[in-house]
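Each chain, letter by letter, is given below.
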Amino acid sequence: MNIEIITLAEVQDIKGEAGNFSVDVLKHPRYIDEDKCIACGVCAEKCPKKIIDTYNAGLSKRKSAYVEYPQAVPLKYVIDPETCIYLQKGKCGACKKKCPVDAVNFDQKPENKTINVGSVILAPGFETFSPEAFENYQYAKHPNVITSLEFERILSASGPTQGHVSRPSDHKDPKKIAWFQCVGSRDMNRCDNAYCSSVCCMYAIKEAVIAKEHVGDELDCAIFFMDMRTHGKEFERFYDSAKTKSGVRFIRSRVHTITPVTGSDDLELRFVTEDGDLKTEIFDMVVLSVGMQTPKALVDLSKKLDIDLTPGNFADTQTFSPVATSRPGIFVSGAFQGPKDIPQAVVDSSAASAAAAELLADVRNTCTKEKKIVPEVSVLGDRPKIGVIICQCGTNIAGVVDVPKVVEYASTLPYVELATDKLFACSQDAQDNMVELIKEKGLNRIVMAACTPKTHEPLFQDTLTAAGLNKYLFEMTNIRNQNSWVHKNNPEMATEKAKDLVRMAVSKVAMQEPLAEVELPVNQTAMVVGGGISGMAAAKSFAEQGYETHLVEKGSRLGGQAVNLYMTAKGEYIQEKLAEMIASVESDDRIHVHLDTQLSNVDGFVGNFESTFSSNGNETKLEHGVAVLATGATPYHPTEYGYGTDDRIITSLDLDKKLMDDDPSLKTLNGAAFIQCVGSREPERMYCSRICCTHSIENSIQLKEKNPDMNVYILYRDIRAYGEKELLYKKARQLGVIFIRYSIDNKPVVNTDSGKLTVNVLDHILNMPLELEVDMVSLATAIIPNKDEKLSNFFKVATNTDGFFIEKHAKLGPSEFSTDGVYLCGLAHYPKPIDESIAQAKAAVARAVTLLARKTIFSSGTVAQVDPVLCAACGVCMSICPYSAPKFTEEGRFAGKAEINPALCKGCGLCVASCRSGAIHLKGFDTDQILTQIFEMDEAV
Amino acid sequence: MTKNKIGSVMVVGGGIAGMQSALDLADAGYYVYLVEKGPSIGGVMAQLDKTFPTNDCAM
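Residues numbered from 1 in each chain as written. Chains lettered and ligands numbered in written order. Predicted model: local features only at pLDDT ≥ 70, side-chain atom pairs only at ≥ 80, totals over all residues. Heavy atoms only, no water.

1. Examining the overall build of chain A
Selection criterion: We count a stretch as a helix when DSSP gives it H or I for four or more residues in a row; a strand needs E for two or more, and each element gets its number in order from the N terminus. Values of the radius of gyration come from C-alpha atoms, whereas the globule rule sets the reference at 2.2 Å times the count of residues to the power 0.38. Remark: exposure states derive from per-residue accessible area (1.4 Å probe, protein chains only) relative to the maximum for the residue type, with buried under 20%, exposed over 50%, and partly exposed in between. Throughout, a contact is declared for two residues whenever any of their heavy atoms are within 4.5 Å. None of His or the chain ends enter the tally, which takes Lys and Arg as positive and Asp and Glu as negative. A charge is said to be at NZ when it belongs to Lys, at CZ for Arg, at CG for Asp and at CD for Glu.
Helix and strand counts for chain A come out as 23 helices and 48 strands. Relative to the 2.2 N^0.38 estimate, which gives 30 Å for 941 residues, the radius of gyration of chain A is 31 Å and therefore close to what a compact globule would have. Looking at the 941 residues of chain A, the share that counts as buried comes to 56%. At a minimum sequence separation of 6, the contacts of chain A that also span at least 24 residues come to 68%. Measuring between centres, the 103 positive side-chain charges of chain A sit 4 Å from its 123 negative side-chain charges.

Spelled out as structure tokens, the structure:
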């Protein structure tokens, strides 16, 4: 309601300043009236012009009149003016003649609009690198050399091959597929993209594993790579399992040339193995793992908008303000901020929202609209009058199921007052019509036979609410995903199944009662646990958005691990920035800092928490609506490589300390060696600590700049300088830092026996043992989360096997927990550098503010309820509930019996099934409702 | 900075990043204009098959 989607539109210019911009937008014509189009698809069916389908990455054809994909939003057709015969030559117009609602309008013209806004967020995305220029890879010439995005479409059930893996030239099932990494990334010779695209290693592994799942274990998948960069959360484990369980081959080699095999569609690859042997191997197809880049048009627009770009053409940002562009009031998120994966893009996007909201806090709710509340009609005691709506879903359902027959059948069922069908029940006009029907026919229960309730139930429930009906007087049955889609080849049986499903839904909804949702106030105070960079950034963002915030730190100072750090990857001095940050937190009236304080108890639930602070034996209580956990991490204390036995063997943080102190001894070193992955990527800690490669590279540059004659070595397993950190890696090599790769079964050996400090390592290129004589060894130690089981239990939040908090959803909910009202950020989530920590802190706040802004929340109506008369007070429900919703009633008639807090109950039904007295009922899914559905189903058998 | 602030935000780009920004802002009390150059929102993620590690359909 408060989002206006403007499609086919481009920003031309942004004038004005932070808080008050005027943006010129050019809106291109759709040639189809959005208000009229019902997405029936007739225009595309009648359109005679076939063109390349860009959604399927060019692997299939579509018409000039098209919709990108069936789930497109808005679900409105569009005519491509470049290929439409009418728009090009003035004849045809087949679509216009056949459109049943007269939506086609060839007279639409481009429109210029000026929109006034307080802030702008740029999330324009990326384009994939086009490998056509790489002649030696044959992409432009050979159909079996494809890009990773094309392969993604081949794997997809909605793609050109319906998910069947076949090679383009002859549709043969491939036996061998090769992936080439770093195509259009980390390459200044054949393209200008020096940076690492950050995501290609992981997606190549995913594609290889899924391809094997589709085809079978016999499919041979080989990934040719330089460094395997699986630095994200759970990625290392996935990489390991791809190697050991799925049998994907990983070959460390950059293939120079692909040669088509004469007389067949196969491809011959020549490459040099790690041992230096020249090998040739024949594959059925090759997937090029193409990188991300900023489109040229966007580079030009950025210049016009006065947005500074990095050398790799991404929006330039600072470490301590990671989503702010060089122009105040304009923020950036997604791949335009730097190449990144989905979770990181989601984090940045929420962070950008928080940044814009901080700027505009005093004009909140001045432009938004509020929903009108329709008074609810009482249906208690009324005979059920059921309305059944069968959705055709375009041809999705109607193309298989005989919808008119199902409608006719539904109208004969008990209590059914009305049965009808809709082309798209979810379309706005169908919704409006439903409201009218409910009012006109006095319907008091609705059955919707359509798609999945997971995506559409809330929408239809809103329609009921708009008609004054309790939203629980509704039942949805899925005759698409679980019927027409899976029984395409058997339309008669599918029609019968649709009838059965409708009959079951009708019998259930007839027994449905209106359910009440409890309205709960949301306390407007925030609590942040952890006073490191992440915690402080979160507290500051809450405060800037006008919320009272309590920052709890168990130590005696703010700053966390950052007090030990010297310089960021972008060359900023961390201590200067940190001091500014601490001062701004301490001087903010809205932030209450509690040092030397720990949580000793947490009661309550979303919107209404009560936490007990314990400090030097004193306890105080705080009521708050939300909590952000930013409990951080600590460095691994190494036992290997002689750490602790010799002052010359130190950790990365020890070296940072020397650099901060400008220790004169650093200038006099003749040699220094960095050893990577100390405690990371080991069987007992199967994750990459993400920042150590960059950290060591940064420090190696510091040493080289202090003394260019110093011999500096970095001993590594894979260099994971993702994104534009790759440029730092390049700089280090240019300064003469020597990178030597070692393997996990042949680790370097540090020796001090002779008084000299030496490191022995097997050089992988020369395949020769080397002895490096140095004056310092710096160990890149793992990052270990501060595991706090008490805290996890207080908030019912889980940690993974490594001790990092588990977020709500790895991709789409990276900064929040499954527990409502609790959020996370920083190292407690996963190792990350300062810019990503601050972004996640802001993201956690943005998510928390969406809750605080509601002021009140409603619990779900489908919750469990105890009949205290039947309750035997055995307590099984309490022990089984994952959300701590049941409790013994403390006073009154039913003291000692269980009762369930509807605000905590998630309606999972575990307690219902476990109750030996049959005292617990799940509202909306009561036993008799489920049984009647089973009995009705039984009739079908 | 201006004194006449406006309580609305323009989000340029309707991929996963733009959609997330738009939703967060709208739910926090700001009116959002979501500007997309293509005919529908969703971005590149809508073209992906499955996403790691949940193997959820990207759609």
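2. Brief notes about the packing of helix H8 (residues 342-359) of chain A against helix H1 (residues 16-27) of chain B
Definition in use: Note on geometry: axes are lines fitted to C-alpha atoms, helical ones only across the stretch in contact, with angles between N-to-C directions running from 0 to 180 degrees. Take the far helix as the reference: if the near one is turned anticlockwise from it by less than a right angle, the crossing is left-handed, and if turned clockwise, right-handed.
In contact at an axis separation of 8 Å, H8(A) and H1(B) are set at 40° when each is read in the N-to-C sense. The hand of the H8(A)/H1(B) crossing is right-handed. Each of Ile342(A), Ala345(A), Val346(A), Ser349(A), Ser350(A), Ala352(A), Ser353(A), Ala356(A) and Ala357(A) in H8(A) lies in contact with H1(B), whose residues at this interface are Ile16(B), Ala17(B), Gln20(B), Ser21(B), Asp24(B) and Leu25(B).

3. Things to note about the packing of aromatic side chains
All names here are of chain A. Formally: Two aromatic rings from Phe, Tyr or Trp, using only the six-membered ring of Trp, form a pair when their centres are within 6.5 Å; if the ring planes differ by under 30 degrees the pair is stacked, by over 60 it is edge-to-face, and anything between is tilted. Think of it as a cone above the ring: NZ of Lys or CZ of Arg counts as a charge over the ring if it is within 6 Å of the ring centre and within 35 degrees of the ring normal.
Taken as a whole, this structure holds 22 aromatic pairs over all chains when the rule is applied. Relative to Phe-224, the ring of Phe-180 lies with its centre 5.7 Å away and its plane at 75°, an arrangement referred to as edge-to-face. Of this pair, Phe-180 sits in strand S12 (residues 176-183) while Phe-224 sits in strand S13 (residues 220-225), and the two are 44 residues apart along the sequence. Phe-224 shares its class with Phe-180; the two are buried. On the basis of an interplanar angle of 75° and a centroid distance of 4.8 Å, the ring pair of Tyr-729 and Phe-739 is categorised as edge-to-face. Here Phe-739 lies in strand S37 (residues 738-741) and Tyr-729 lies in helix H18 (residues 725-734), a separation of 10 residues in the sequence. The rings of Phe-129, Phe-134, Tyr-137, Phe-180, Phe-224, Phe-271 and Phe-283 are connected pair by pair, giving a single aromatic cluster. It is Arg-190 that lies over the ring of Phe-134; its NZ or CZ is 4.5 Å from the centre.

4. Looking at helix H20 (residues 834-852) of chain A
Counted only if it meets this: The span one expects for a helix is its residue count, reduced by one, times 1.5 Å.
Taking 1.5 Å of rise per residue, 19 residues should cover 27 Å, and H20(A) covers 27 Å from first to last C-alpha, within 8% of that figure. A large share of H20(A) lies buried, amounting to 19 of its 19 residues.

5. Quick word on the interface of chain A and chain B
It is common to report an interface's size as the accessible area lost on association of the parts. Selection criterion: Two parts placed together each lose some accessible area under a 1.4 Å probe, and the buried area is that loss summed for both. Any carboxyl oxygen of Asp or Glu that lies within 4 Å of a side-chain nitrogen of Lys or Arg is treated as forming a salt bridge with it. Identification of polar contacts relies on pairs of N or O atoms within 3.5 Å, with a donor-acceptor requirement for protein atoms, meaning one able to donate a hydrogen and the other able to accept it, and with residues adjacent in sequence counted only if both atoms are side-chain atoms.
Counting residues at the interface gives 86 residues for chain A and 52 residues for chain B. Both faces combined, the contact of chain A with chain B buries some 5,800 Å², and carbon together with sulfur accounts for 63% of it. Our count for the contact surface shared by chain A and chain B stands at two salt bridges. Linking chain A with chain B are 39 residue pairs in polar contact (both at pLDDT 80 or more), by the criterion used here. Among the elements that take part in the side of chain A that touches chain B, H8(A) stands out by supplying 10 residues, more than any other.

6. Looking at the sheet that holds strand S24 (residues 474-478) of chain A
All names here are of chain A. In plain terms, the rule: We call two strands paired when DSSP finds no fewer than two bridges between them.
Strand order in the open sheet made by the four strands is S22-S21-S23-S24, with parallel pairing throughout. Two strands close off the open sheet at either side, each with one partner strand: strand S22 (416-422) and S24. When strand polarity is set aside, the average angle formed by the axes of neighbouring strands in this sheet is 15°. On top of the sheet, helix H13 (residues 491-510) reaches strand S21 (386-391), S22, strand S23 (445-450) and S24; it is set at about 165° to S24, its chief contact.

7. Some points on the pairing of strand S32 (residues 626-629) of chain A
One face of the sheet, then the other: side chains in a regular strand alternate in exactly this way. Residues and elements named next belong to chain A. Side chains Val-626 and Val-628 project from S32 onto one buried face, and the interleaved Ala-627 and Leu-629 project onto a second face that is buried too. Here strand S26 (residues 526-529) pairs with S32 via four bridges, running parallel. Paired with Ala-526 across the two strands is Val-626, which belongs to S32.

8. Digging into the environment of Pro384(A)
Residues and elements named next belong to chain A. Mapping Pro-384 onto the fold places it in the loop between H8 and S21. A residue is classified by how much of its surface remains accessible, and Pro-384, at 12% relative accessible area, is buried. For the pair Pro-384 and Ile-438, spaced 54 residues apart in sequence, the C-alpha to C-alpha distance is 13 Å. Non-local contacts of Pro-384, meaning those with residues more than four positions away in its chain, are made with Tyr-415, Asn-444, Arg-445 and Ala-510.

9. Comments concerning the pattern of salt bridges
Residues and elements named next belong to chain A. Throughout the structure, instances matching the rule amount to 49 salt bridges over all chains. A salt bridge links Glu-726 to Arg-229, with the nearest nitrogen and oxygen atoms 2.8 Å apart. One end of the pair, Glu-726, is in helix H18; the other, Arg-229, is in the loop between S13 and helix H6 (235-244), with 497 residues separating them in the sequence. Assigned by exposure class, Glu-726 and Arg-229 land together as buried. Between Asp-300 and Lys-296 there is a salt bridge whose closest N-O contact spans 2.9 Å. With Asp-300 and Lys-296 both in helix H7 (residues 296-305), this residue pair falls four residues apart, about one helical turn. Accessibility expressed as a relative area gives 59% for Lys-296, which makes it exposed. Salt bridges sharing partners connect three or more residues here, namely Glu-236, Arg-252, Glu-274, Arg-681, Asp-718, Arg-720 and Arg-741.

10. Some words on the nonpolar core
All names here are of chain A. Counted only if it meets this: Residues grouped as a nonpolar core are buried Ala, Val, Leu, Ile, Met, Phe, Trp, Tyr and Cys residues, joined through side-chain atoms within 4.5 Å. Boundaries of every domain are those given by an automatic assignment or by a domain database.
Of all hydrophobic cores here, the largest spans 68 residues; its most connected members are Ile-79, Val-388, Ile-390, Ile-446, Met-448 and Val-502. The dominant element in this core, judged by the number of residues it contributes, is H13, at eight residues. When residues of this core are assigned to domains, at least three map to each of domain 1 (29-109) and domain 3 (386-510). The contact partners of Ile-390, leaving out residues within four places of it in the chain, are Val-403, Val-406, Val-407, Thr-420, Asp-421, Lys-422, Ala-449, Ile-479 and Val-502. Residues Ala-18, Val-363, Tyr-547 and Ala-848 belong to the second largest nonpolar core, which totals 65 residues.

11. Details of unusual backbone geometry
Residues and elements named next belong to chain A. Looking along the chain, the bond that leaves Val-73 and enters Pro-74 is cis, with omega of -5°. By the secondary structure assignment, Pro-74 is in the loop between strand S6 (65-66) and strand S7 (78-79). Even without glycine at this site, Ser-884 takes up a positive phi of about 55°. Inspection of the secondary structure puts Ser-884 in the loop between helix H21 (876-880) and strand S46 (886-888). Take Ser-884: its relative accessible area is 34%, and that puts it in the partly exposed class.

12. A few points about the side chain of Ser333(A)
Mapped onto the elements of the fold, Ser333(A) is located in the loop between strand S20 (330-332) and H8. Here Ser333(A) falls in the buried class, since its relative accessible area comes to 0%. At 3.5 Å, the side chain of Ser333(A) forms a polar contact with the side chain of Ser349(A). Non-local contacts of Ser333(A), meaning those with residues more than four positions away in its chain, are made with Ile121(A), Leu122(A), Ala123(A), Asp348(A), Ser349(A), Ala352(A), Ala17(B) and Ser21(B).

13. Observations regarding the environment of Val11(A)
Inspection of the secondary structure assignment puts Val11(A) in strand S2 (residues 9-17). Look at Val11(A) and you get buried, because its relative accessible area is 8%. Considered as a pair, Val11(A) and Val774(A) are 763 residues apart in the sequence and their alpha carbons are 56 Å apart. Those residues in contact with Val11(A) that lie beyond four places of it in its chain are Val23(A), Asp24(A), Leu301(A), Met10(B) and Val12(B).

14. Some remarks on a nonpolar patch on the surface
What counts, and what does not: Only residues whose relative accessible area exceeds 30% and that form no salt bridge enter a patch; like-charged residues are grouped when within 9 Å of one another, and nonpolar side chains (Val, Leu, Ile, Met, Phe, Trp, Tyr) when within 5 Å. Surface exposure here means Shrake-Rupley accessible area, sampled with a 1.4 Å probe, where a residue is shielded only by the protein chains that are shown.
Residues Phe925(A), Ile930(A), Leu931(A), Ile934(A), Phe935(A) and Met937(A) make up a contiguous nonpolar surface patch of roughly 550 Å² in combined accessible area. Position of Ile934(A) relative to the elements: it lies in helix H23 (residues 927-940).

15. Considerations on the sheet that holds strand S17 (residues 278-283) of chain A
Residues and elements named next belong to chain A. Read from one edge of the open sheet, three strands run S15-S16-S17, paired in antiparallel fashion. Edge positions in the open sheet fall to strand S15 (257-260) and S17, since each of these has one partner strand only. Neighbour-to-neighbour, the strand axes of the sheet open up by a mean angle of 25°, direction not taken into account.

16. Comments concerning the packing of H20(A) against H1(B)
We count it as follows: Angles are sorted into four bins: roughly parallel if under 35 degrees, roughly antiparallel if over 145, roughly perpendicular if 65 to 115, and oblique for all others. In this count, Pro and Cys sit with the nonpolar residues alongside Ala, Val, Leu, Ile, Met, Phe, Trp and Tyr, while Asp, Glu, Lys and Arg are called charged and the others, Gly among them, polar.
Direction vectors running N to C along H20(A) and H1(B) enclose 40°, while the axes themselves pass 8 Å from each other. What the angle tells us is that H20(A) and H1(B) run oblique. In this structure, the crossing between H20(A) and H1(B) has a hand that is left-handed. In this structure, H20(A) uses Ala846(A), Arg847(A) and Thr850(A) to contact H1(B), whose residues at the interface are Gln20(B), Asp24(B) and Asp27(B). Taken together, the residues that form the contact of H20(A) with H1(B) break down as one nonpolar, two polar and three charged.

17. Brief notes about the domain arrangement of chain A
Residues and elements named next belong to chain A. Parsing chain A into structural domains produces domain 1 (29-109), domain 2 (127-293), domain 3 (386-510), domain 4 (526-632 + 786-857), domain 5 (637-782) and domain 6 (863-922). With centres defined by C-alpha atoms, the gap from domain 2 to domain 4 works out at 41 Å. If you look at the interface, domain 2 gives five residues, while domain 4 gives nine residues. In this assembly, domain 2 packs against domain 4 so that about 480 Å² is buried in total across both faces, 36% of it on carbon and sulfur atoms. By the criterion of area lost to domain 4, the three top residues of domain 2 are Lys-233, Glu-234 and Arg-237, representing 83% of everything that side buries. Our enumeration of links across domain 2 and domain 4 arrives at two salt bridges. With its nearest N and O atoms 2.9 Å apart, the salt bridge here joins Asp-802 to Arg-237. Applying the counting rule to domain 2 against domain 4 returns eight residue pairs in polar contact (both at pLDDT 80 or more).

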